[in-house]
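# Fold and geometry: a report
Chain residues, written in single-letter form:
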Amino acid sequence: MSTDLQTRASEARERGNASFKAAKHAEANAQYATAIELLQQAAELPSDDADGSDAIKDAMHKCRLNRAACLLKLQGYGAAGNEALHVIKEDPVNAKAHYRLAQASEAVGDLARAKTAFAEAIKLNPAWKEPRAELEALRTRCKENERLEQGLQDMALVEARGLRSLAYADVGTARKQMELLLKDARGLKTAHWETRALLALALLCQDEGECEAAHDYLKAARRRVDDTGDRRAELYYLQTMALVLLDQ
């Protein structure tokens, strides 16, 4: 039974590899997810074969890291980082897992973690060029904008304070926090955070009955999404637009 599951997982992984090479990243992601599920089922079966268990674990790690690569292409950065962390937990010396974690962390603005993960990947595989080049590019980026790393952390805190105020129905304070977030995002030229702030303000204005202002914020957010091609921001925009239309 375990062998059959492993065979099916291997076939799913191969299909995923083919889809990834063809730049069909959503299809590849689905295939890797199927392979992971099959391998999890195989791992849960009772077995005295240590080599077989190691083979399942090794195959699982490869599938998770392949899936992380897909998710990075699809801008599913949080999920990509989680896949990498799964592997690191079981195999702390896996250089590729640290590299994927670094890429995902940089994408969501956790630059300190990204630097650490890049450095770990380089230490584990000194001959690997990509992590070294990306770490150098990140350091250059931070050097050119000394406020960037702290600014990204501050914006996350400002957004969290705004959401906490909203949870207590303090719309006025929430709006002030989102206006501050918008100002900071524009100052740091971070389009993703600017879009998040614009969409939050659109919802707050709609909630206050300021429909015209809500649409102005939505239009501004739409322009930023079109300029950047940010898939996460595109999703946030569609969700926000749906909420505004439903409210109207």
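You'll find the structure just up there.
Here goes a summary of the coordinates provided. (Residues numbered from 1 in each chain as written. Predicted model: local features only at pLDDT ≥ 70, side-chain atom pairs only at ≥ 80, totals over all residues. Heavy atoms only, no water.)

### Some words on the packing of helix H1 (residues 2–21) against helix H2 (residues 25–44)
Taken N-terminus to C-terminus, the directions of H1 and H2 make an angle of 165°; their axes are 8 Å apart at the nearest point. Relative to H2, H1 is oriented roughly antiparallel. Considering only the axes of H1 and H2, their crossing is left-handed. Contacts between H1 and H2 involve Ser 2, Leu 5, Gln 6, Arg 8, Ala 9, Ala 12, Arg 13, Arg 15, Gly 16, Asn 17, Ser 19 and Phe 20 from the first element and His 25, Glu 27, Ala 28, Gln 31, Tyr 32, Thr 34, Ala 35, Leu 38, Leu 39, Gln 41 and Ala 42 from the second. (Axes fitted to C-alpha atoms, helices over the stretch in contact; angles between N-to-C directions. Helix = DSSP H or I, 4+ residues; strand = E, 2+ residues; numbered from the N terminus. Parallel < 35°, antiparallel > 145°, perpendicular 65-115°, else oblique. Left-handed = near helix turned anticlockwise from the far one by under 90°. Contact = heavy atoms within 4.5 Å.)

### A look at the side chain of Thr 240
On the secondary structure map, Thr 240 appears in helix H12 (residues 231–247). The residues touching Thr 240, leaving out its near neighbours within four places in the chain, are Leu 199, Ala 202, Leu 203 and Leu 218.

### Overview of the pattern of salt bridges
It is possible for side chains of opposite charge to pair when their charged atoms get near one another. With the rule as written, the count across this model stands at 15 salt bridges. The partner of Glu 83 in a salt bridge is Arg 64, and the shortest N-O contact between them spans 2.5 Å. Residue Glu 83 is found in helix H4 (residues 77–90), and its partner Arg 64 is found in helix H3 (residues 50–73); the two are separated by 19 residues along the sequence. Comparing Glu 83 with Arg 64 shows no difference in burial state: the two are buried. (Salt bridge = Lys/Arg side-chain N within 4 Å of Asp/Glu carboxyl O. Buried < 20%, exposed > 50% of the residue type's maximum accessible area, 1.4 Å probe, protein only.)

### Quick notes on the packing of aromatic side chains
Tallied over the entire structure, the rule returns 2 aromatic pairs. An angle of 50° between the planes, with centres 6.1 Å apart, marks the rings of Tyr 99 and Phe 118 as tilted. A residue pair is termed long-range when its members are at least 10 positions apart, and Tyr 99 in helix H5 (residues 95–107) and Phe 118 in helix H6 (residues 111–124) qualify at 19 residues. Taken as a pair, Tyr 99 and Phe 118 share a single burial class, namely buried. (Phe/Tyr/Trp six-rings, centres within 6.5 Å; stacked < 30°, edge-to-face > 60°.)

### What to know about the packing of helix H11 (residues 211–228) against H12
The contact between H11 and H12 brings their axes to 10 Å, and the two run at 160°. Put simply, H11 runs roughly antiparallel to H12. The way H11 lies across H12 gives a crossing that is left-handed. Two secondary-structure elements touch here, H11 through Leu 218, Ala 221, Arg 222 and Val 225 and H12 through Ala 233, Glu 234, Tyr 237, Thr 240, Met 241 and Val 244. In the contact of H11 with H12, the residues fall into 7 nonpolar, 1 polar and 2 charged. (Nonpolar A, V, L, I, M, F, W, Y, C, P; charged D, E, K, R; others polar.)

### Points about the nonpolar core
If you look at the biggest cluster of nonpolar residues, it comprises 48 residues, and the most contacted ones within it are Phe 118, Met 155, Leu 181 and Tyr 217. Element by element, the count of residues in this core is highest for helix H10 (residues 191–207), at 9 residues. Once residues lying within four places of it in the same chain are set aside, the contact partners of Tyr 217 are Leu 182, Leu 198, Leu 201, Ala 202 and Cys 205. Within the second largest apolar cluster, 12 residues are counted, among which are Leu 5, Leu 38, Ile 56 and Ala 59. (Core = buried A, V, L, I, M, F, W, Y, C linked by side-chain atoms within 4.5 Å.)

### With respect to the environment of Ala 160
Looking at where Ala 160 falls in the secondary structure, it is placed in helix H8 (residues 148–167). Classification of Ala 160 as partly exposed rests on a relative accessible area of 34%. Distance in space between the C-alpha atoms of Ala 160 and Met 178 is 9.8 Å, their sequence separation being 18 residues.

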